[in-house]
Amino acid sequence: MSSSVAPRPVERRRNHRQRALLTGKLATDQANITIDCVIRNLSANGALVETPSPHLIPSELHLLQVREGLAWDARVVWRRGNKVGLELLERHDLRDTTAKQLKALRHVWKHMAGAAPKDEA
């Protein structure tokens, strides 16, 4: 018998992704729709997330990484089952931002992190 090894898939990512197991949240622009997710891998410009509701995810959204208080503008690149590949665009630090358009995302993050937002305390 010949033992043939399947060729490795061609890597098309611009940056290497680090494996991760992080709590995340997917959110629309005004955070009126949020979906829990697990961030499985992450790079400077991409992420793989798992969610029980991939069919509810709009093509453009925000990814929140709860532990670090980071949010990215993101675009869906592909969907397979409960996994979704995201292109990460601009990154925002929710701990320091005062940008009005990020207020709803900051509120969601603060709620998930267990702290009351300053403007609600």
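On a predicted model such as this, the values are computed, not experimentally measured, just so you know.

What counts, and where the lines are drawn
- Residues numbered from 1 in each chain as written.
- Predicted model: local features only at pLDDT ≥ 70, side-chain atom pairs only at ≥ 80, totals over all residues.
- Heavy atoms only, no water.
- Helix = DSSP H or I, 4+ residues; strand = E, 2+ residues; numbered from the N terminus.
- Buried < 20%, exposed > 50% of the residue type's maximum accessible area, 1.4 Å probe, protein only.
- Contact = heavy atoms within 4.5 Å.
- Polar contact = N/O pair within 3.5 Å; in protein donor to acceptor, adjacent residues only side chain to side chain.
- Salt bridge = Lys/Arg side-chain N within 4 Å of Asp/Glu carboxyl O.
- Core = buried A, V, L, I, M, F, W, Y, C linked by side-chain atoms within 4.5 Å.
- pLDDT = per-residue confidence, 0-100.
- Phe/Tyr/Trp six-rings, centres within 6.5 Å; stacked < 30°, edge-to-face > 60°.
- Lys NZ or Arg CZ within 6 Å of the ring centre and 35° of its normal.

### Describing the overall build of the chain
Okay, so step 1: For the chain, the helix and strand inventory stands at 1 helix and 6 strands.
Okay, so step 2: For the chain, the α and β elements follow one another from N to C terminus as β-β-β-β-β-β-α.
Okay, so step 3: Looking at the 121 residues of the chain, the share that counts as buried comes to 42%.
Okay, so step 4: Expressed as a percentage of contacts within the chain between residues at least 6 apart in sequence, the contacts between residues at least 24 apart total 45%.

### Details of the side chain of Gln 65
Okay, so step 1: Here Gln 65 lies in strand β4 (residues 60-65).
Okay, so step 2: Within the local environment of Gln 65, its side chain forms a polar contact with the backbone nitrogen of Glu 68, the two atoms lying 3.1 Å apart.
Okay, so step 3: Dropping the residues within four chain positions of it, Gln 65 is found in contact with Leu 22, Thr 23, Ile 39, Leu 70 and Trp 72.

### Observations regarding the pattern of salt bridges
Okay, so step 1: With the rule as written, the count across this model stands at 7 salt bridges.
Okay, so step 2: Put simply, Glu 60 and Arg 75 hold a salt bridge, and the shortest N to O gap is 3.9 Å. One end of the pair, Glu 60, is in strand β4; the other, Arg 75, is in strand β5 (residues 70-80), with 15 residues separating them in the sequence.
Okay, so step 3: Salt bridges sharing common partners tie together Arg 40, Glu 50 and Lys 83.

### A short note on the nonpolar core
It is characteristic of soluble globular proteins that their nonpolar side chains tend to be buried jointly.
Okay, so step 1: Judged by nonpolar contacts, the single largest core of 19 residues is most densely connected at Leu 26, Leu 42, Val 49, Ile 57, Leu 63, Leu 86 and Leu 88.
Okay, so step 2: Of all the elements in the fold, those that place two or more residues in this core are β1 (18-27), β2 (34-42), β3 (46-50), β4, β5 and β6 (83-93).
Okay, so step 3: For Val 49, the residues in contact, after removing those within four places along its chain, are Leu 26, Cys 37, Val 38, Ile 39, Leu 63, Asn 82, Lys 83, Val 84 and Leu 86.
Okay, so step 4: Leu 94, Leu 102, Val 108 and Trp 109 belong to the second largest nonpolar core, which has 10 residues in total.

### Observations regarding the confidence of the model for the chain
Okay, so step 1: Across the chain, the average pLDDT comes to 83, with 79% of residues at 70 or higher.
Okay, so step 2: Mean pLDDT across the elements of the chain ranges from a minimum in β1, with 85, to a maximum in β3, with 97.

### Focus: unusual backbone geometry
Okay, so step 1: With a phi angle near 60°, Ala 31 is a residue other than glycine that sits in the positive phi range.
Okay, so step 2: Tracing the sequence through the fold places Ala 31 in the loop between β1 and β2.

### Looking at the packing of aromatic side chains
To describe a pair of aromatic rings, you give the distance between the ring centres and the angle between the ring planes.
Okay, so step 1: Evaluation of the coordinates by the stated rule reveals 0 aromatic pairs.
Okay, so step 2: One Lys or Arg, Arg 80, reaches over the ring of Trp 78 and ends 4.3 Å from the middle of that ring.

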